[in-house]
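Residue-level structure breakdown
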Amino acid sequence: MTEALYGRRCATHELSTGDLARMSALEDSFRAASRMESSLRALCIKTHFIHVTDGAQGRISQTQREDQIAVLNAAYAPTGISFAYDEDMVVEVDNPDFYRMGHGSLRERNCKTLHQVDDPQKCLNFYTAAPGGGLLGWATFPYMMEGDPAMDGVVMLDGTLPGGTAAPYNLGATAVHEVGHWLGLYHTFQGGCVPPGDDVADTPAHSGPNYGKPSDSDQPHNLCPTAPAGVLCPIHNYMNYVDDDWMNEFTEGQIERIWAQIGMFRSGLLTADNRGEAEAAFASAVSW
Ligand SMILES: [Zn+2]
């Protein structure tokens, strides 16, 4: 029943094999040139909620916003990244057409162009709406921002926020997943069993998404046959498709990816506290 209602967790654009290879080479050269010390890896991302509604449909409460930020902060704690928002800056847009925006649609572009709160180089624009089609949300990748800043951010099905109606996807983990894309992560099943997969060494390749609550004792699930013995399918990773209460992990490799992507494409997020040293470390930033 639930999977029929919410058939696709995520509509985030999939990179082609060529684009993946190009990004991988860029990241390698960035890492080789970067002097970003792990002690500098602390960042608070200003988050702006833009709630698109159709009258009473789609309204989000202050408690839901606070709970969503708390879920993001708990999930991203191992990365050194936190999130904060200002209740006075919350935007509500009552527009039945925008409320039903589809991924990549003119409605999406018009809505974002009109209602983006702040410069996407410095913050996260977090939209809620009801796209339909079983979609839980989508995000733009970091490399997309420079060429198309108006579209930057995440769009979430309103029912996915904590306390929402999209059970079992209503504990806030969909936002953790979409913000993962927004910070440069791919799905753990990216490319299926075709190398380089998600190009993260410690998330073993698996042939497709896992749903529900796959058993820990039933490994290796759909792990690709090339995996060494003893390796486990990443069934608790935030970048898989399992239920919200089954997701609890970003790997070290994913955290490395996030920081490289921030360095390459989102260095405007860095706060005044660490800007000086971090900018020097990022001076070698390359462009896509
Ligand atoms: Zn996704």
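Everything in this summary refers to the structure shown in the same document.

The rules behind the values
Residues numbered from 1 in each chain as written. Predicted model: local features only at pLDDT ≥ 70, side-chain atom pairs only at ≥ 80, totals over all residues. Heavy atoms only, no water. Helix = DSSP H or I, 4+ residues; strand = E, 2+ residues; numbered from the N terminus. Buried < 20%, exposed > 50% of the residue type's maximum accessible area, 1.4 Å probe, protein only. Phe/Tyr/Trp six-rings, centres within 6.5 Å; stacked < 30°, edge-to-face > 60°. Disulfide = S-S within 2.5 Å. Contact = heavy atoms within 4.5 Å. Core = buried A, V, L, I, M, F, W, Y, C linked by side-chain atoms within 4.5 Å. Domains from an automatic or database assignment.

This part covers unusual backbone geometry. Cis geometry marks the peptide bond from A167 to P168; its omega dihedral reads 5°. Topologically, P168 is positioned in the loop between β6 (154-157) and α6 (173-182). Phi at D199 is positive, roughly 60°, even though this residue is not glycine. By secondary structure assignment, the location of D199 is in the loop between α6 and α7 (252-265). Its relative accessible area of 30% is what places D199 among the partly exposed residues. The phi angle at H221 is positive, at roughly 50°, despite the residue not being glycine. For H221, the location among the structural elements is in the loop between α6 and α7. H221 sits in the partly exposed class, given a relative accessible area of 27%.

Let's shift gears to the packing of aromatic side chains. One pass over the full model with this rule turns up nine aromatic pairs. Seen from their ring centres, F141 and Y186 are 5.7 Å apart, and the 75° between their planes marks the pair as edge-to-face. Pair noted here: F141 is in the loop between β5 (137-139) and β6 and Y186 is in the loop between α6 and α7, with a separation of 45 residues, a long-range link. Grouping residues by exposure puts F141 and Y186 together as buried. Here F189 and Y241 contribute two aromatic rings whose centre-to-centre distance is 5.1 Å and whose plane-to-plane angle is 80°, an arrangement assigned as edge-to-face. With F189 in the loop between α6 and α7 and Y241 in the loop between α6 and α7, this residue pair connects regions lying 52 residues apart in the sequence. The exposure class assigned to F189 is buried, which follows from its relative accessible area of 9%. With a relative accessible area of 7%, Y241 lands in the buried category. Every member of this aromatic cluster is reached through a ring pair, and the members are Y76, F83, Y238 and F250.

This brings us to the state of the cysteines. On inspection of all chains with the given rule, the structure shows one disulfide. Unpaired in this structure, C233 has its nearest cysteine sulfur neighbour in C224, at a distance of 8.6 Å.

This paragraph deals with the environment of C193. In this structure, C193 sits in the loop between α6 and α7. We classify C193 as partly exposed; its relative accessible area is 38%. Through-space distance from the C-alpha of C193 to that of T226 is 8.3 Å; in sequence the pair is 33 residues apart. Leaving out residues up to four positions away in the same chain, C193 has contacts with H206, S207, C224 and P225.

The next point concerns the nonpolar core. Counting 35 residues, the largest nonpolar core has I45, Y76, I81, F83, V179, W182 and L183 as its most contacted members. Where this core is concerned, the elements lending two or more residues are β1 (43-53), α3 (62-76), β2 (81-84), β4 (123-129), β6, α6 and α7. Looking at which element gives the most residues to this core, the answer is α6, with five residues. Residue contributions to this core reach at least three from each of two domains, namely domain 1 (38-185 + 251-280) and domain 2 (187-249).

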